[in-house]
Structures are given as C-alpha cells and as structure tokens.
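Chain by chain, the residues:
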Amino acid sequence: MTVTDRFLKYVKFDTQSDELTNMTPSTPGQMIFARALEEELKAMGLKDITLDENSYLMATLPSNAGADIPTIGFIAHLDTSPDMSGRHVNPRIVKDYDGKDITLNAEDGVILSPSQFPELLDYVGQDLIVTDGKTLLGADDKAGIAEIITAIEYLQNHPEIKHGDIRIAFNPDEEIGLGAHKFDVDRFGAEWAYTMDGGAIGELEYENFNAAVAKVTFKGCNVHPGYAKHKMLNSLRVANQFAIMLPRWETPEHTEGYEGFYHLVSIEGTVEKTVLTYIIRDHDRDRFERRKKEFEHLTRKINNEFPDCASLELKDQYFNMREKIEPVMHIIDIAVEAMKEAGVTPKVQPIRGGTDGAQLSFKGLPCPNIFAGGLNFHGRYEFVPIPSMEKATDVIVAIARLTAAKA
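Residues numbered from 1 in each chain as written. Predicted model: local features only at pLDDT ≥ 70, side-chain atom pairs only at ≥ 80, totals over all residues. Heavy atoms only, no water.

(A) Local environment of the overall build of the chain. In terms of regular secondary structure, the chain is built from 10 helices and 17 strands. Its C-alpha radius of gyration of 23 Å places the chain within 12% of the 22 Å reference for a compact globule of 407 residues. By its C-alpha atoms, the chain is 85 × 50 × 40 Å across when sized along the principal axes. The burial tally for the chain puts 54% of its 407 residues in the buried class. (Helix = DSSP H or I, 4+ residues; strand = E, 2+ residues; numbered from the N terminus. Rg over C-alpha atoms; globule rule 2.2 N^0.38 Å. Buried < 20%, exposed > 50% of the residue type's maximum accessible area, 1.4 Å probe, protein only.)

Given below as structure tokens:
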C-alpha cells in the first residue's frame, strides 16, 4: 500500500481531541483508530505490539543486522486539532497543481488561493491532497503515521537494507498538550526517536518554546450602577487595565523566529469576577523566567491599587528540548544526512510551539521533530503535497540505514 493510500484511509477516522473531558484518550475515536492500526501492524508481522488502555500503541521491527545497533524510534500522534471538525473528512487529490486558485467548496465560496497562502506556489506541478472546505484534513499527524508505517513496510520488503531494532509509537492527545504525559519511555526502549510531526518538506526541529500558562483572576464588587460611587469595583475594567500593561508588540501577531510572546487566549468575566488566561512562550530559558516574573510583578501592582483584587496561577507546560538534544547532536547529523540522501534540503529551524518530542526529551528520550509534509494545519485550508509524504517516508528509511551503518 502506498503512503497516499494509507493517508486517505486514515483521515476517515474522526480523532479530534477534547481538552475538557479529562480522560485519556480524550475522545473515543482515537482508540478506534489505534485498534485499526494495531490490526494493521499485526497483519504486517511486527513484534512486541502493545496497545494500552490510554491508547498508546507501540510495536517493533526487529533488527536484521545484529544486536550492536542502537534501537531508535519513530513517533506520531493519533489525534487531530480541536480547532476544527475532523468528522466526515472528504479529501480529494488535485493533480499537477497549476499555481492557480483551488476551489475547495463552491457552495460556501471556500477558495485555497496562493494570494492568501503563497506557499502553494512551492508545489506547482505536484499532486496535492486538499479538503472539501468543511473540515480540516488531518495531515497533522496522520501523514506522519502513514509515513512511518509505509517506511516500515518498505524495510520489511527490502531486507538488503540493514537496520537495528526500530520501535514505532502512536499516541493520543498531542493537540491538547497531553501526548507525552502517559508515554512509557522505559517500555518504548529506544535510545532516541523522531516525531514525524513537522510541516513543510525539509523541516528539522530540535528547538522549541519554553511554555507556561497564566491565569489571572480579578475579584470585583457589584453595586447598582446608580449608587456605585466609591463602592463598585468592576473586575472587567481592572482586568482590562492589567492587559494593557503588557507590551503590545510582544504578542503572536508581532513576533517571529526566536522572539517570545504573551498571548491572551480567553476572557471570561462579569463585574464580580473576570479571568484572563494567557500562554507565555520564549525559546530562551532566562527570558522565559523573566516573562513569568512580569506576571507576578503586574499582579502585585494591581493589588497595590486594588487590595486583594487579583490572584495569579502560573503553570509550566513544557521546556525547550535543545538542552537535551545538544549533548547527542549525532541524532541531528543522521537526520540531516538522511534528508540529503533522500534529495531533500534540510531546513533546521526552531519550532514556534511545542511537540510531544519536547516533553519526551525531558523524560529521557531525545526526540527531535521531522517534517510530515502538511501545511496550513488545523483548518479547512490544510493541504499536503504527495511528494512531500513520499520524501518523508524515504527519510525514515535512510535514518534506519544510516544508524546501522554508523554503528
């Protein structure tokens, strides 16, 4: 089966995650998909196949080159983003893309246009898989799953390619930040791994944001507005005062590259009580810590003016995996060499976000991130070039071969 055939089959599974259920997996569709993949891996004859109650699926392609080769892993996630529906995904293939607008849904006027998404022009002449304009596509990360399984099948069919033990894993709930929380690194048993969860062809990432969430609660006092003088404290107004004290240019819409930000993601409030929820991001650990201290400083400042009005909850989410990857940079060198061998130009760049690999690296499994090929994730304009998926499959095969050769 080709990587395209697999991908088109996998996107039919509704695996949208949900951060509100407080369960693992957060939605039943992820376990349904995991069980289907388990059956596929069994039919392929893989070894040590396990699927636990939390929907973590693992398996092994045994070594065909002796026992002295490092065990490596490849990982992808089962879920799709909560940002848009993943139910009834209806993909289609645009053959030999001509560089013009692609009508995704004529009835609703949904157009995938290079004027809005200029990256489309990088794929003129290629076959693209697109949505019908009503759902996301699911290349994040079903493209990664399809690439891993197709690469494993290729290695099975080409025993002349020598490799060590290769572990694969598919986990739930990456999109809600919980993919690595119940990942059993010891049971996985790899020396290092790669998440196939990046975007455009060539991406190779081993740096990501340090991340925290901040929740600031403002307590007010509601009094009839006709008689409120010197009595009312409007928590909505105080919350607004807090928000404008943060630097206006240090937000996602004004930053790029290694620049960090404060991002207000929700406001819930009445006169009596208002809650602001922020995410805090920075690649540099010292700047990250200073950003958190800025929240503490501004909370104290509000309370100096309005005693006992504001309270702050700060929670770290994940950290920059760079500090865990730098001591083992040979795993990046292998990936770079594998890409070049596959005819792909490596684009080593920081992730302006996080992956399961970041958390796994801090759990003892160094785990950089490799492209899966998709673009415009999490929405109706998502697409994936078929040659990018094919190249990602080639890169996995090359990593397996190079790891054995260098051992």
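(B) Structural view of helix 8 (residues 330-341). With 12 residues, helix 8 should cover 16 Å at 1.5 Å per step; its first-to-last C-alpha distance of 16 Å lies within 8% of that length. Of all the positions in helix 8, only Ile331, Ile332, Ile334, Ala335, Val336, Ala338 and Met339 are classed as buried. Contact partners of the buried residues in helix 8: strand 9 (192-198), strand 10 (203-205), helix 7 (322-325), strand 15 (347-348), strand 16 (369-371) and helix 10 (386-406). Phi turns positive, to about 80 degrees, at glycine 343, one or two residues after helix 8. (Expected span 1.5 Å × (residues − 1). Contact = heavy atoms within 4.5 Å.)

(C) The nonpolar core, seen in detail. Phe7, Phe170 and Ile399 are the most contacted members of the largest nonpolar core, which totals 65 residues. Counting residues per element, this core draws most heavily on helix 10, at 10 residues. Ignoring any residue separated from it by four or fewer positions in sequence, one finds phenylalanine 7 in contact with Ile129, Leu137, Gly138, Ala139, Lys142, Ala143, Ala146, Val384 and Met389. Residues Phe218, Leu276, Tyr278 and Phe295 belong to the second largest nonpolar core, which totals 21 residues. (Core = buried A, V, L, I, M, F, W, Y, C linked by side-chain atoms within 4.5 Å.)

(D) Representation of the pairing of strand 12 (residues 261-269) within the structure. The pairing of strand 12 with strand 13 (residues 273-282) spans 8 bridges and is antiparallel. Residue pairing for strand 13: glutamate 268 is matched across the bridge by valine 275. (Pairing = 2+ DSSP bridges.)

(E) Broad picture of the sheet that holds strand 15. Pairing is mixed in the open sheet, where 8 strands are placed in the order 1-2-8-3-9-16-10-15. Here the strands that pair on one side only, and so sit at the sheet edges, are strand 1 (47-51) and strand 15. Bridging between strand 9 and strand 16 involves 3 bridges; their strand directions are parallel. Following the sheet pairing, methionine 196 is matched in strand 16 by isoleucine 370. Where helix 2 (residues 28-44) meets the sheet, its contacts fall on strand 1, strand 2 (57-61) and strand 8 (166-171), and the angle it forms with strand 1 comes to roughly 165 degrees. Along the sheet, helix 8 makes contact with strand 9, strand 10, strand 15 and strand 16, crossing strand 9 at roughly 50 degrees. (Axes fitted to C-alpha atoms, helices over the stretch in contact; angles between N-to-C directions.)

(F) Spatial organisation of the side chain of threonine 299. Examined against the element boundaries, threonine 299 turns out to sit in helix 6 (residues 285-305). Judged by relative accessible area, which is 7%, threonine 299 ranks as buried. Residues contacting threonine 299, with those up to four places away along its chain left out, are Val216, Phe242, Ala310, Ser311 and Leu312.

(G) Expanded view of the environment of proline 368. Topologically, proline 368 is positioned in the loop between helix 9 (356-362) and strand 16. Along the backbone, proline 368 and methionine 196 are 172 residues apart, and their C-alpha atoms lie at a distance of 8.9 Å. Excluding its chain neighbours within four sequence positions, the residues that come into contact with proline 368 are Ala193, Tyr194, Thr195, Glu205, Tyr206, Met321, Ile325, Ile331 and Ile332.

(H) Quick peek at the pairing of strand 5 (residues 102-105). For strand 5 and strand 6 (residues 110-112), the ladder comprises 3 bridges, and the chain directions are antiparallel. Among the inter-strand pairings, isoleucine 102 is bridged to a residue of strand 6, identified as leucine 112. Taking the residues that link successive antiparallel strands as the turn, the strand 5-strand 6 hairpin has 4 residues, and the phi of glycine 109 there is positive, at about 70 degrees.

(I) Up close: the packing of aromatic side chains. On inspection of all chains with the given rule, the structure shows 15 aromatic pairs. Taking the centre distance of 5.4 Å and the plane angle of 85 degrees together, the rings of phenylalanine 209 and phenylalanine 261 count as edge-to-face. One end of the pair, phenylalanine 209, is in the loop between strand 10 and strand 11 (210-219); the other, phenylalanine 261, is in strand 12, with 52 residues separating them in the sequence. For the pair formed by phenylalanine 209 and phenylalanine 261, the shared burial category is buried. Ring centres of phenylalanine 288 and phenylalanine 319 lie 6.4 Å apart, and the angle between their planes is 85 degrees; on these two criteria the pair is classed as edge-to-face. Of the two residues, phenylalanine 288 is situated in helix 6 and phenylalanine 319 in the loop between strand 14 (310-318) and helix 7; the sequence distance between them amounts to 31 residues. (Phe/Tyr/Trp six-rings, centres within 6.5 Å; stacked < 30°, edge-to-face > 60°.)

(J) Structural context of helix 6. The end-to-end C-alpha separation of helix 6 is 31 Å, in line with the 30 Å expected for 21 residues at 1.5 Å each. Listed as buried for helix 6 are Phe288, Arg291, Lys292, Phe295, Leu298, Thr299 and Ile302. One side of helix 6 carries all its buried residues, which in axial view fall inside an arc of 110 degrees. Exposed and facing more than 90 degrees away from the buried side of helix 6 are Asp286, Arg290, Lys293, Arg300 and Asn304. Contact partners of the buried residues in helix 6: strand 11, helix 5 (235-245), strand 12, strand 13 and strand 14. Two or three places before aspartate 286, at the opening of helix 6, aspartate 284 has a side-chain oxygen 3.0 Å from that residue's backbone nitrogen. (Arc of directions from axis to C-beta. Polar contact = N/O pair within 3.5 Å; in protein donor to acceptor, adjacent residues only side chain to side chain.)

(K) Expanded view of the packing of helix 1 (residues 3-10) against helix 3 (residues 139-157). Viewed as axis vectors pointing N to C, helix 1 and helix 3 meet at an angle of 140 degrees, and their least axial separation amounts to 9 Å. Comparing the axis directions of helix 1 and helix 3 gives the class oblique. Considering how the two elements wind past one another, helix 1 and helix 3 form a crossing that is right-handed. When helix 1 is examined against helix 3, the residues Val3, Arg6, Phe7 and Tyr10 are found in contact with a partner set consisting of Ala139, Lys142, Ala143, Ile145, Ala146, Glu147, Ile149, Thr150 and Glu153. Considering only residue class, the contact of helix 1 with helix 3 consists of 8 nonpolar, 1 polar and 4 charged. (Parallel < 35°, antiparallel > 145°, perpendicular 65-115°, else oblique. Left-handed = near helix turned anticlockwise from the far one by under 90°. Nonpolar A, V, L, I, M, F, W, Y, C, P; charged D, E, K, R; others polar.)

Structural measurements only, silent on function.
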